[in-house]
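Structural description and commentary
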Amino acid sequence: MFDPGQLRTFLAVAQSLSFTRAGQRLGLRQSTVSQHVRKLEEAAGRQLFLRDTHGVELTEDGEAMLGFARTILDANERAAAFFTGTRLRGRLRFGASEDFVLTRLPEILERFRSDHPEVDLELTVEWSGTLHEQLADGRLDLVLGKRGAGETHGRLVWRDRLVWIAGPGLRLEEDAQDAVPLIVYPPPSITRARALDVLERAGRGWHITCTSGSLSGVRAAALAGLGVVPHAQGLVPPGLRRLPPHAYGLPELGDVDFVLLRGRREDRRRDGREPADALARAILAAGDRLHRAL
């Protein structure tokens, strides 16, 4: 028997690749997180993580445990809902970043709608900066997107690196005097702001060759060889490639956090609170599946 609490802790560590961040997400001390993982490894008889001074990585057995953990926790929650007789009702206004168009988020939402048919789910797909504004204005109940550098609000789903990506045929000059051709989302895109900031601080010129409000538009421009795109490395769209570190003199973009955000308590509608809580739990349980593009 695998303990559900230990499995939730395991998933949080697997998704954040950090015992500290997993503890912050779950409201547990780091020592408790370590204890849960140790006990789960003892129950499985396998090592699930490789830990050293550089970070945390899943072992092959840890990768296998991901699927089992999701299945066990999902079955546990469905059984609890069945026997308590609770049925969620209400209207849930959910916003998701464009980053997730080509991930397994649709499968998660389909399962949520199947489990909670009386919830009226409204989906808004935008870039993260716009979703933040709509949440602050009370037009959304729950948002899954990126947060800006140095920000701490929201519940961490996972941390990724921003990298430069491009189409297979793109060739740039190494000369730092040459302006970098950029393909970006329009303001208030977080990746756009980060790219411009790091280029300015590196003293590198730039010019925007394409602005698109959709991932499909950005991908099409990159495939056409119009320039480079700042993008999360775990969500690289099909047909595009990550450029090697420091290729063409491009500066590092740093990390990016993908988080779940809720509106201010006084802005939350009563009929959306419980559905938002249930969808947030489903997304957190499947977070590791979201940063693997189809």
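Residues numbered from 1 in each chain as written. Predicted model: local features only at pLDDT ≥ 70, side-chain atom pairs only at ≥ 80, totals over all residues. Heavy atoms only, no water.

The next subject is the environment of G148. Along the chain, G148 turns up in the loop between β5 (142–147) and β6 (155–166). Taking the C-alpha atoms as reference points, G148 and V13, separated by 135 residues in sequence, lie 22 Å from one another. (Helix = DSSP H or I, 4+ residues; strand = E, 2+ residues; numbered from the N terminus.)

Turning our eyes to something else, we now look at the pattern of salt bridges. In total, this model carries 16 salt bridges according to the counting rule given. Where D141 meets R93, a salt bridge forms, and the shortest distance between an N and an O atom there is 3.0 Å. Of this pair, D141 sits in the loop between α6 (128–136) and β5 while R93 sits in strand β3 (residues 90–97), and the two are 48 residues apart along the sequence. The residue R161 makes a salt bridge to E252 at a minimum N-O spacing of 3.4 Å. Taken together, the positions of R161 in strand β6 and E252 in the loop between β10 (241–242) and β11 (255–262) put the pair 91 residues apart, joining distant regions of the chain. A relative accessible area of 29% places R161 in the partly exposed class. (Salt bridge = Lys/Arg side-chain N within 4 Å of Asp/Glu carboxyl O. Buried < 20%, exposed > 50% of the residue type's maximum accessible area, 1.4 Å probe, protein only.)

What follows concerns the pairing of strand β9 (residues 229–232). Here β9 shows a buried face lined by V229 and H231 and a second buried face lined by P230 and A232. Sheet topology places β6 next to β9; four bridges connect them, and they run antiparallel. Bridging across to β9, W164 finds its partner in P230. (Pairing = 2+ DSSP bridges.)

With that out of the way, let us pick up empty space enclosed by the protein. One water molecule sets the probe size; rolling that probe over the atoms shows where empty space is left. This model, assessed by the stated rule, comprises three cavities of 30 Å³ or more. Estimates place the volume of the second largest cavity at around 50 Å³. Residue lining of the second largest cavity: D99, K146, I183, V184, Y185, T191, R192, V229, P230 and H231, and that is the complete set. Those elements that place two or more of their residues in the lining of the second largest cavity are β7 (180–184), α7 (190–201) and β9. The dominant element in the lining of the second largest cavity, judged by the number of residues it contributes, is β9, at three residues. Residue composition of the lining of the second largest cavity, grouped by class: five nonpolar, two polar and three charged. (1 Å grid on protein atoms, 1.4 Å probe; cavity = no way out; pocket = protein on both sides within 12 Å on 5 of 7 lines; lining within 4 Å. Points joined across faces, edges and corners; volume = space filled by probe spheres on them. Nonpolar A, V, L, I, M, F, W, Y, C, P; charged D, E, K, R; others polar.)

Summarising the sheet, β7 and strand β8 (residues 206–211) pair through five bridges and their orientation is parallel. Directly across from P181, in β8, lies its bridge partner H207.

In terms of nonpolar packing, the biggest core is built from 46 residues, with F94, L144, W164, V228 and L279 touching the most fellow members. Beyond its immediate stretch of four places on either side in the chain, F94 contacts L105, L109, L121, E122, L123, T124, L140, L142, V143, L144, L279 and I283. Counting residues in each nonpolar core, the second largest holds 19 residues, with L11, F19, L48 and L66 among its members. (Core = buried A, V, L, I, M, F, W, Y, C linked by side-chain atoms within 4.5 Å. Contact = heavy atoms within 4.5 Å.)

Two elements in contact, helix α1 (residues 4–16) and helix α2 (residues 19–26), have axes separated by 8 Å at closest approach and are oriented at 125°. Classified by the angle between their axes, α1 and α2 sit oblique to one another. Between α1 and α2 lies a crossing of right-handed hand. Residues R8, T9, A12, V13, Q15 and S16 of α1 form the contact with α2, whose participating residues are F19, R21, A22, R25 and L26. Tallied by class, residues from the contact of α1 with α2 come to five nonpolar, three polar and three charged. (Axes fitted to C-alpha atoms, helices over the stretch in contact; angles between N-to-C directions. Parallel < 35°, antiparallel > 145°, perpendicular 65-115°, else oblique. Left-handed = near helix turned anticlockwise from the far one by under 90°.)

Counting through the fold element by element, S128 comes out in helix α6. Ignoring sequence-local partners within four residues, the contact set of S128 consists of S97, D99, G145, K146 and I190.

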